[in-house]
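# Working through the structure, step by step
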Amino acid sequence: VQLQASGGGAVQAGGSPRLSCAATGNIFSDNPLGWYRQAPGKQRELVASVTIFGNGRSTKYADSVKGRFAISRDSVENTVWLQMNNLQPEDTAMYYCYGSANGLVYWGQGTLVTVSS
């Protein structure tokens, strides 16, 4: 499994960038794809994830981003996007795309998001 992330960069508070991550290899719609982040001096935390089951999907969000971030996924292209709205300085972190399959967790390269006030 390989995960290729893009997006991020420096934004001002209130900005709305979008991250994307393309997954290749043996990761399928019913395997979770999503994003973690790690701020300086803090532990890595789950930001959002999405899993597709049949005709439905399950999403998870960190409490701190609920209502501001939205995760979406294309099962054909196996790509996941994280739309981040109303960014705040506390959202500054390295964002990591991840996928989970067969009990293993795979990581993409991190993409830095820096929010200035």
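A brief report on the enclosed structure follows. (Residues numbered from 1 in each chain as written. Predicted model: local features only at pLDDT ≥ 70, side-chain atom pairs only at ≥ 80, totals over all residues. Heavy atoms only, no water.)

## Considering the sheet that holds strand β7 (residues 69-74)
Strand order in the open sheet made by the four strands is β1-β3-β8-β7, with antiparallel pairing throughout. One side of each edge strand has no neighbouring strand; the edge strands of this open sheet are β1 (2-6) and β7. Between one strand and the next, the sheet's axes are offset by a mean angle of 15°, whatever the strand orientation. (Pairing = 2+ DSSP bridges. Helix = DSSP H or I, 4+ residues; strand = E, 2+ residues; numbered from the N terminus. Axes fitted to C-alpha atoms, helices over the stretch in contact; angles between N-to-C directions.)

## Details of the sheet that holds strand β6 (residues 56-61)
Taking strand neighbours across the sheet as the criterion, the six strands line up as β2-β10-β9-β4-β5-β6 in an open arrangement whose pairing is mixed. Only two strands of the sheet have a single neighbouring strand rather than two, namely β2 (9-12) and β6. Taken pair by pair, the neighbouring strands of this sheet meet at an average axis angle of 20°, ignoring direction.

## Things to note about the pattern of salt bridges
Under the criterion given, the structure shown has four salt bridges. In this structure, R37 and E45 form a salt bridge, with 2.7 Å as the shortest nitrogen-oxygen distance. Put simply, D91 and R68 hold a salt bridge, and the shortest N to O gap is 2.8 Å. In this pair, D91 is assigned in the loop between β8 (79-84) and β9 (93-101) and R68 in the loop between β6 and β7, connecting sequence segments 23 residues apart. Here D91 matches R68 in class, with each residue buried. (Salt bridge = Lys/Arg side-chain N within 4 Å of Asp/Glu carboxyl O. Buried < 20%, exposed > 50% of the residue type's maximum accessible area, 1.4 Å probe, protein only.)

## Some details on the environment of N31
Following the sequence through the fold, N31 ends up in the loop between β3 (18-24) and β4 (33-38). By relative accessible area, N31 is classed as buried at 13%. For N31 and C21, which are ten residues apart along the polypeptide, the C-alpha to C-alpha distance reads 14 Å. In this structure N31 touches N26, V50, T51, R73, S100 and A101, once residues within four positions along its chain are discounted. From its side chain, N31 meets the backbone nitrogen of F28 in a polar contact 2.8 Å long. (Contact = heavy atoms within 4.5 Å. Polar contact = N/O pair within 3.5 Å; in protein donor to acceptor, adjacent residues only side chain to side chain.)

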